[in-house]
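Structural characterization, general
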Amino acid sequence: MNTKKIINLTNDIIQKYYQNDVQPFLDSIDEKVLWYGPAKGQFLSGRQALLDAWADENNPLTFTLGNILLDHISTQSTYCEVMMSFSITTHFPNGDDITVDQIIHVTWCERKIDGVKVPRMLVVHISNLYQQHKADNIYPVHFNEIY
């Protein structure tokens, strides 16, 4: 598995995803994919569950991504972990905007489809970051500010 190509593929798919072009994302998910969204209860297991969830998705939202960082680690030749961090602004039709910092973690695996090795997203985990209190190192133990 060529990690440079996987990093570029991840970046391309996520950027298109936030341009409301989710087809490259859906085309790349594995049959056994696990998808964890940023909101409570957003957990989907299996390709068909994702396809069903996105089948009725139609929203008027637009998005702007900034400060994109990508990193990866590959412990086997057939797997690659890619972390993507960025700020994302959601633009609502009424003129409101909300900006959050987001991380997307994608576990890529290599599958043989029709005799050809192709990369597939096995795990996709999206999380929104909270603002950490300056006195906290790991856990949020200072509650005099709202996270």
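Here, every reference points to the structure presented above.
Definitions and cut-offs
Residues numbered from 1 in each chain as written. Predicted model: local features only at pLDDT ≥ 70, side-chain atom pairs only at ≥ 80, totals over all residues. Heavy atoms only, no water. Helix = DSSP H or I, 4+ residues; strand = E, 2+ residues; numbered from the N terminus. Expected span 1.5 Å × (residues − 1). Buried < 20%, exposed > 50% of the residue type's maximum accessible area, 1.4 Å probe, protein only. Arc of directions from axis to C-beta. Polar contact = N/O pair within 3.5 Å; in protein donor to acceptor, adjacent residues only side chain to side chain. Salt bridge = Lys/Arg side-chain N within 4 Å of Asp/Glu carboxyl O. Contact = heavy atoms within 4.5 Å. Pairing = 2+ DSSP bridges. Phe/Tyr/Trp six-rings, centres within 6.5 Å; stacked < 30°, edge-to-face > 60°. Core = buried A, V, L, I, M, F, W, Y, C linked by side-chain atoms within 4.5 Å.

This part is about helix 1 (residues 3-17). The end-to-end C-alpha separation of helix 1 is 21 Å, in line with the 21 Å expected for 15 residues at 1.5 Å each. Within helix 1, the full set of buried residues consists of Ile6, Ile7, Thr10, Ile13, Ile14 and Tyr17. Each buried residue of helix 1 sits inside an arc of 135° when the element is viewed along its axis, so together they form one side. Facing away from the buried surface of helix 1 by more than 90 degrees, the exposed residues are Lys4 and Lys5. Capping of helix 1 at its N-terminal end is provided by Asn2; its side-chain oxygen lies 3.0 Å from the backbone amide nitrogen of Lys4.

Across all of its chains, the model carries 3 salt bridges by this definition. Among the ionic pairs, Asp12 bridges to Lys16, the shortest N-O distance being 3.3 Å. Placement of the pair is Asp12 and Lys16 together in helix 1, with a separation of 4 residues, close to one helical turn. Of the residues examined, Lys16 reaches a relative accessible area of 28% and is grouped as partly exposed. A salt bridge links Glu31 to Arg47, with the shortest nitrogen-to-oxygen separation between them at 3.6 Å.

If you check which residues of helix 3 (residues 47-55) are buried, you get Arg47, Leu50 and Trp54. Angularly, the buried residues of helix 3 cover 65° about the axis, an arc narrow enough to put them on a single face. Buried-residue contacts for helix 3 involve helix 1, helix 2 (23-28), strand 1 (29-36) and strand 2 (43-45).

Take the pairing of strand 1 next. Of the strand pairs in this sheet, strand 1 and strand 6 (residues 116-128) are connected by 4 bridges, and their pairing is parallel. What sits directly across from Ile29, in strand 6, is Met121. Note: strand 1 against strand 2, 3 bridges, orientation antiparallel. Within the sheet, the bridge partner assigned to Tyr36 lies in strand 2 and is Phe43. Connecting strand 1 to the next strand, strand 2, in antiparallel fashion are 6 residues, including Gly41 with a positive phi near 85°.

Let us look at the packing of aromatic side chains. Scanning all chains against the criterion turns up 8 aromatic pairs. Their ring planes at 70° and their centres at 5.3 Å tell us that Tyr18 and Phe63 sit as a pair that is edge-to-face. With Tyr18 in the loop between helix 1 and helix 2 and Phe63 in strand 3 (residues 62-76), this pair connects stretches of sequence that are 45 residues apart. Consider the rings of Trp35 and Trp54, whose centres lie 5.2 Å apart with planes at 85°: the pair is edge-to-face. Of this pair, Trp35 sits in strand 1 while Trp54 sits in helix 3, and the two are 19 residues apart along the sequence. Taken together, the aromatic side chains of Tyr17, Tyr18, Phe25, Trp35, Trp54, Phe63 and Phe86 make up a single cluster linked through ring pairs.

Here we take up the nonpolar core. Ranked by size, the top nonpolar core spans 26 residues in total, and within it Phe25, Trp35 and Trp54 carry the most contacts. Secondary structure elements with two or more residues in this core: helix 1, helix 2, strand 1, helix 3, strand 4 (79-91), strand 5 (97-113) and strand 6. With residues near it in sequence (within four places) discarded, Phe25 still touches Ile13, Tyr17, Trp35, Leu50, Trp54, Met121 and Val124.

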